[in-house]
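Residue-level listing of the chains:
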Amino acid sequence: MSETENVVVTLNVNGETHTVLAPPYETLLETLRERLDLTGTKHGCELGECSACMVLMDGEPVLSCLTLSLEAQGHALTTIEGVAKNGVLTPLQQAYIESGASQCGYCTPAMVLSAQTLLDKNPSPTRQEIRDAIAGNLCRCTGYVQIVDAVELAAKRMRESVEDRVRRET
Amino acid sequence: MIRLPPFRFFTPGTLTEATRLFAEHERAVVVSGGTDLYPNMKRLQVSPPSLISLRGVRELKTIQAGADGSIHLGAGMTLTQIERHALVRERVPSLVEAIPLVSTLPLRNMGTLGGNLCLDTRCHFINQTPFWRQAVGSCLKDVGDVCRVAPGGSRCWAIASADLPPLLIALGARIRLVSERGEREIPLSELYRDDGIHYLNKMQDEILTRVILPRNENVRAGYLKLRRRGAFDFPSLGVGAALQFNADGVCESARVVLGAVTSKPLEMPQAQGLVGEKLSAPLIAGVAEAIALQARPLQLADYTYAFRKQMVAVYTSKLLNRLAD
Ligand SMILES: Cc1cc2nc3c(=O)[nH]c(=O)nc-3n(C[C@H](O)[C@H](O)[C@H](O)COP(=O)(O)OP(=O)(O)OC[C@H]3O[C@@H](n4cnc5c(N)ncnc54)[C@H](O)[C@@H]3O)c2cc1C
Ligand code: FES
Ligand code: FES
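Residues numbered from 1 in each chain as written. Chains lettered and ligands numbered in written order. Predicted model: local features only at pLDDT ≥ 70, side-chain atom pairs only at ≥ 80, totals over all residues. Heavy atoms only, no water.

1. Some thoughts on the packing of helix H2 (residues 91–98) of chain A against helix H3 (residues 108–121) of chain A
All names here are of chain A. Running from N to C, H2 and H3 point in directions that differ by 130 degrees, and their axes come no closer than 10 Å. It follows that H2 is oblique to H3 by the angle criterion. Crossing handedness for the pair H2 and H3: right-handed. Listed contacts from H3 to Leu92, Gln93 and Tyr96 of H2 are Thr108, Met111, Val112, Ala115, Gln116 and Leu119. For the contact of H2 with H3, the residue count by class is 6 nonpolar, 3 polar and no charged. (Axes fitted to C-alpha atoms, helices over the stretch in contact; angles between N-to-C directions. Helix = DSSP H or I, 4+ residues; strand = E, 2+ residues; numbered from the N terminus. Parallel < 35°, antiparallel > 145°, perpendicular 65-115°, else oblique. Left-handed = near helix turned anticlockwise from the far one by under 90°. Contact = heavy atoms within 4.5 Å. Nonpolar A, V, L, I, M, F, W, Y, C, P; charged D, E, K, R; others polar.)

Structural data, given as structure tokens:
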């Protein structure tokens with residue numbers, strides 16, 4: 001691990017194990033996009049300022065442009081490709097489409113991951129809480145109002161579906 | 001894609017291994033979360049040949065209560081881990097309030113306390129692409145021989161831009177530094193030098209291992225930050241303060257520390273004007289003005305220096321009034 005030559009890096013991305021040969025100074029962003037073809041993770045500023053490259057590491061948002069692939073080993077990584085299961089969109093993704101929350105779409109993958117980690121912890125966030133949760137995610141199309149709408153709509157639907165299930169089961 | 005320049009990378013599991021690696025790799029630099037170092041390396045402000053990562057160093061990842069009522073924060077804890085820690089939430093609420101003002105959630109999930117306290121100084125003329133820097137003719141902190149902010153002088157004026165040092169200095173924090181030569185403990189305030197290039201009073205191979213906060217019952221402390229965007233931005237001014245009152249409401253001790261004014265966090269002696277007094281708005285306003293008079297921000301961060309100087313008085317009195325309430 002001490003030379004600048006390539007090293008073996010084993011990553012767990014969306015539940016799958018990938019092994020690549022990469023230089024120790026390669027970022028997770030480069031590995032995901034350029035070696036694993038997981039291009040849902042976007043590159044924006046590449047300096048930590050926009051969060052377009054955000055992925056989840058053990059469920060918590062981190063920036064792949066400032067994380068070495070080497071140091072991402074041993075953690076469960078989730079990218080936007082791992083969010084929909086068997087081609088079925090999550091309520092948040094569905095609400096995102098219906099609310100027109102995606103314009104050019106560049107910030108969308110990371111924004112969806114950010115909002116999803118909020119909804120996982122807080123099923124009924126206020127608009128301010130939603131804004132705080134996505135504070136680091138820059139949308140250059142500045143469609144923040146629709147984005148907050150989408151997260152609110154998804155939260156409402158997720159709560160209703162839980163209430164529905166409780167009603168059916170009792 | 002902006003890529004990192006090549007380097008050798010070491011991942012020690014213990015502090016002893018980490019300090020030993022320095023002996024073998026003289027120009028090595030430590031990296032914790034990398035949220036400050038990697039952007040600076042991508043902009044080719046610095047290109048260390050070897051990095052020693054502290055991520056796997058177990059000793060840096062604990063938070064403990066000392067027998068004397070102090071709290072020991074491991075330098076390798078991420079800002080999020082500190083913010084969420086039960087002991088910190090109970091005993092140092094001012095730190096829990098200040099942490100969300102630092103960068104963004106994903107950055108706080110990566111960035112550490114040690115990295116925050118050792119954050120590189122910042123300036124409009126250095127935190128730019130290599131092309132931009134070359135076009136303006138470079139500067140002292142880069143490869144040039146003149147400061148672009150104050151071309152007449154021979155020093156670099158880049159400013160101390162971390163949010164936590166002003167608060168932690170106000171709280172009387174001490175730090176522990178460890179190298180192959182041994183361990184030493186100093187007040188956090190003594191870590192800093194008023195020099196934008198050599199901004200830390202420590203050797204390159206000294207690892208900051210922990211921050212020790214003294215027992216602080218009856219201490220009211222807080223941090224206020226001026227920045228353009230509410231969502232996130234480095235401070236254009238930071239004010240940390242800690243006040244202690246006796247049972248009669250008389251101020252017994254007062255510390256006010258300014259960030260983002262010069263190359264080091266500045267402790268303002270004018271705050272002593274509060275000691276022995278019951279705090280009132282006019283008294284606070286007078287002390288805040290006296291502090292602003294001594295603060296001389298330069299034209300190298302967001303906003304004009306004149307506005308930042310005015311804001312020293314406004315933010316200081318706002319914070320002190322809040323703490324006195
Ligand atoms: C877009 C952006 C915005 C930001 N905004 C803010 C902000 O508003 N306020 C703020 O305070 N910070 C801000 N930061 C910086 C940063 O996220 C935090 O300060 C973070 O806590 C830095 O810690 P780190 O572990 O990532 O540091 P690193 O990048 O790992 O290290 C920073 C420096 O400290 C040294 N170092 C690290 N750990 C140690 C140690 N244990 N002992 C000795 N030296 C050490 C490194 O050698 C390096 O020189 C921002 C960063 C970005 C990219
Ligand atoms: S690309 Fe990583 S934060 Fe912008
Ligand atoms: S939709 Fe274009 S950047 Fe957000």
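On we go from here.
2. Re the environment of B:Gly74
Residues and elements named next belong to chain B. Residue placement: glycine 74 occurs in strand E5 (residues 71–74). Judged by relative accessible area, which is 3%, glycine 74 ranks as buried. Separated by 203 residues in the primary sequence, glycine 74 and glutamate 277 have C-alpha atoms spaced 36 Å apart. Non-local contacts of glycine 74, meaning those with residues more than four positions away in its chain, are made with Leu60, Thr62, Leu113 and Thr209. (Buried < 20%, exposed > 50% of the residue type's maximum accessible area, 1.4 Å probe, protein only.)

3. Description of the sheet that holds strand E9 (residues 219–226) of chain B
Residue and element names in this part refer to chain B. Here 4 strands make up an open sheet; going across it, the order is E9-E10-E11-E12 and the pairing antiparallel. Pairing within the sheet leaves two strands with one partner each, and these edge strands are E9 and strand E12 (266–267). Examined bridge by bridge, E9 and strand E10 (residues 237–245) share 8 bridges and lie antiparallel to one another. Residue pairing for E10: leucine 226 is matched across the bridge by leucine 237. Across the sheet, helix H11 (residues 305–324) touches E9, E10 and strand E11 (251–259), and the angle it forms with E9 is around 150 degrees. (Pairing = 2+ DSSP bridges.)

4. Some details on the interface of chain B and chain A
Each partner contributes residues to the interface: chain B has 29 residues there, and chain A has 33 residues. For the pair chain B and chain A, the summed buried surface comes to about 2800 Å²; carbon and sulfur atoms form 61% of the total. The tally of links between chain B and chain A comes to 4 salt bridges. A salt bridge links B:Arg3 to A:Glu34; the nearest nitrogen and oxygen atoms lie 2.9 Å apart. Elements with a minimum of two residues in the side of chain B that touches chain A: strand E1 (8–10), helix H2 (37–42) and helix H6 (105–110) of chain B. Sorting elements by how many residues they give to the side of chain B that touches chain A places H6(B) first, with 5 residues. (Buried area = accessible area lost by both parts, 1.4 Å probe. Salt bridge = Lys/Arg side-chain N within 4 Å of Asp/Glu carboxyl O.)

5. Some details on the nonpolar core
With 59 residues, the main nonpolar core has A:Leu11, A:Leu92, A:Tyr96, B:Phe7, B:Phe9, B:Tyr38 and B:Leu51 as its most contacted residues. Element by element, the count of residues in this core is highest for H3(A), at 7 residues. Two domains each donate at least three residues to this core, and these are domain 1 (7–82) and domain 2 (91–169) of chain A. Setting aside chain neighbours within four positions, we find B:Leu51 in contact with B:Phe7, B:Arg8, B:Phe9, B:Phe10, B:Val29, B:Val31, B:Leu37, B:Tyr38 and B:Met41. Counting residues in hydrophobic clusters, the runner-up holds 40 residues, among them B:Met77, B:Ile99, B:Val102 and B:Ala242. (Core = buried A, V, L, I, M, F, W, Y, C linked by side-chain atoms within 4.5 Å. Domains from an automatic or database assignment.)

6. Overview of the environment of A:Asn12
All names here are of chain A. Here asparagine 12 is to be found in strand E1 (residues 7–13). Once the C-alpha coordinates of asparagine 12 and alanine 72 are considered, the two residues, 60 residues apart in sequence, prove to be 8.6 Å apart. With residues up to four places along the chain from it excluded, the contact list for asparagine 12 reads His75, Ala76 and Leu77.

7. Regarding the sheet that holds E1(B)
Two orientations exist for strands paired in a sheet by backbone hydrogen bonds: parallel and antiparallel. Residue and element names in this part refer to chain B. As summarised here, the arrangement of the 3 strands in space is E1-E3-E2, forming an open sheet in which the pairing is parallel. This sheet does not close on itself; its edge strands, each paired only once, are E1 and strand E2 (29–31). Each adjacent strand pair in this sheet contributes to an overall mean axis angle of 30 degrees, direction not counted. In this sheet, strand E3 (residues 50–53) lies alongside E1 in parallel orientation, the contact comprising 3 bridges.

Nothing here speaks to function; it is all geometry.
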